[in-house]
Amino acid sequence: MEDREREEELLKSLPAEREDNARILMMSDGQEELGWVAVDMVHSVLRMLHIEVPGAQPDKLSGEAVFVADSLMRAAASYGATVGAYRIRSMEPAYNEFLRLRGFTPSETGAETGLGTIVKYTGS
């Protein structure tokens, strides 16, 4: 996200603790914000702290909301690959079923998978 003030505003709105390396990845169509994902990295795990798809409930995604949430998760995984992550973890159990269908293993605190489930590494 290029607008650092807006990014900090969104990060401050998060209920969970975050690392100093936290970032917001925004999906937009022109000036319209379609959704965003807050990420940080702890050791080699890219954590999705929060996924926001306006007007959608995480456990009842349908239509365009599925596309936006999937795109945000994939953007987070790609970002993780560029910063050296090996795993990706959601910190929001409400997305467990959505993520389980994409190869994540759900738990009481969220869902996790190896980054290779989502992004393909070249040369491996």
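Some remarks on the overall build of the chain
Alright, step 1. Counting secondary structure elements, the chain contains three helices and six strands.
Alright, step 2. Here the C-alpha radius of gyration of the chain, 14 Å, is about what a compact globule of 124 residues would show, namely 14 Å.
Alright, step 3. Taken along the three principal axes of its C-alpha coordinates, the chain extends 40 × 30 × 30 Å.
Alright, step 4. Considering the chain as a whole, with its 124 residues, one finds that 41% of them fall into the buried category.
Alright, step 5. When the accessible area of the chain is evaluated, it comes to approximately 7200 Å², of which 48% is carbon and sulfur surface.

A short note on the sheet that holds strand β1 (residues 23–29)
Alright, step 1. Taking strand neighbours across the sheet as the criterion, the six strands line up as β1-β2-β3-β4-β6-β5 in an open arrangement whose pairing is mixed. Whereas interior strands pair on both sides, the edge strands pair on one side only; in this sheet they are β1 and β5 (105–107). Strand-to-strand twist of the sheet, defined as the mean angle between neighbouring strand axes without regard to direction, takes the value 25°.
Alright, step 2. Across the face of the sheet, helix α1 (residues 4–12) comes into contact with β1 and β2 (32–42) while running at roughly 115° to β1.

Topic: the confidence of the model for the chain
Alright, step 1. Per-residue confidence for the chain gives a mean pLDDT of 91, with 95% of residues at or over 70.
Alright, step 2. Per-element confidence in the chain is highest for β5, whose mean pLDDT is 97, and lowest for α1, whose mean pLDDT is 89.

A few points about the side chain of D70
Alright, step 1. Mapping D70 onto the fold places it in helix α2 (residues 64–82).
Alright, step 2. Excluding residues that lie within four positions of it along the chain, D70 makes contacts with F98 and R102.

Remarks on the pairing of β2
Alright, step 1. In terms of burial, β2 is largely enclosed, as eight of its eleven residues are buried.
Alright, step 2. Pairing of β1 with β2, which is carried by seven bridges, proceeds in the antiparallel orientation. Bridged to S28 within β2 is E33.
Alright, step 3. Hairpin remark: β1 followed by β2, antiparallel, with two residues in the connecting loop; positive phi at G30, about 65°.
Alright, step 4. Across seven bridges, the pairing between β2 and strand β3 (residues 45–52) is antiparallel. What sits directly across from D40, in β3, is R47.

Some thoughts on α1
Since the α-helix turns once every 3.6 residues, residues separated by three or four places project in the same direction.
Alright, step 1. For α1, the full list of buried residues reads E7, L10 and L11. Within α1, the buried residues cover an arc of 100° as seen down the axis, which keeps them to one side. What points out from α1, more than 90 degrees from its buried face, is the exposed set E5 and K12.
Alright, step 2. For α1, the secondary structure elements touched by its buried residues are β1 and β2.

Rules used throughout
- Residues numbered from 1 in each chain as written.
- Predicted model: local features only at pLDDT ≥ 70, side-chain atom pairs only at ≥ 80, totals over all residues.
- Heavy atoms only, no water.
- Helix = DSSP H or I, 4+ residues; strand = E, 2+ residues; numbered from the N terminus.
- Rg over C-alpha atoms; globule rule 2.2 N^0.38 Å.
- Buried < 20%, exposed > 50% of the residue type's maximum accessible area, 1.4 Å probe, protein only.
- Areas by Shrake-Rupley, 256 points an atom, 1.4 Å probe, with all protein chains shown as cover.
- Pairing = 2+ DSSP bridges.
- Axes fitted to C-alpha atoms, helices over the stretch in contact; angles between N-to-C directions.
- Contact = heavy atoms within 4.5 Å.
- pLDDT = per-residue confidence, 0-100.
- Arc of directions from axis to C-beta.

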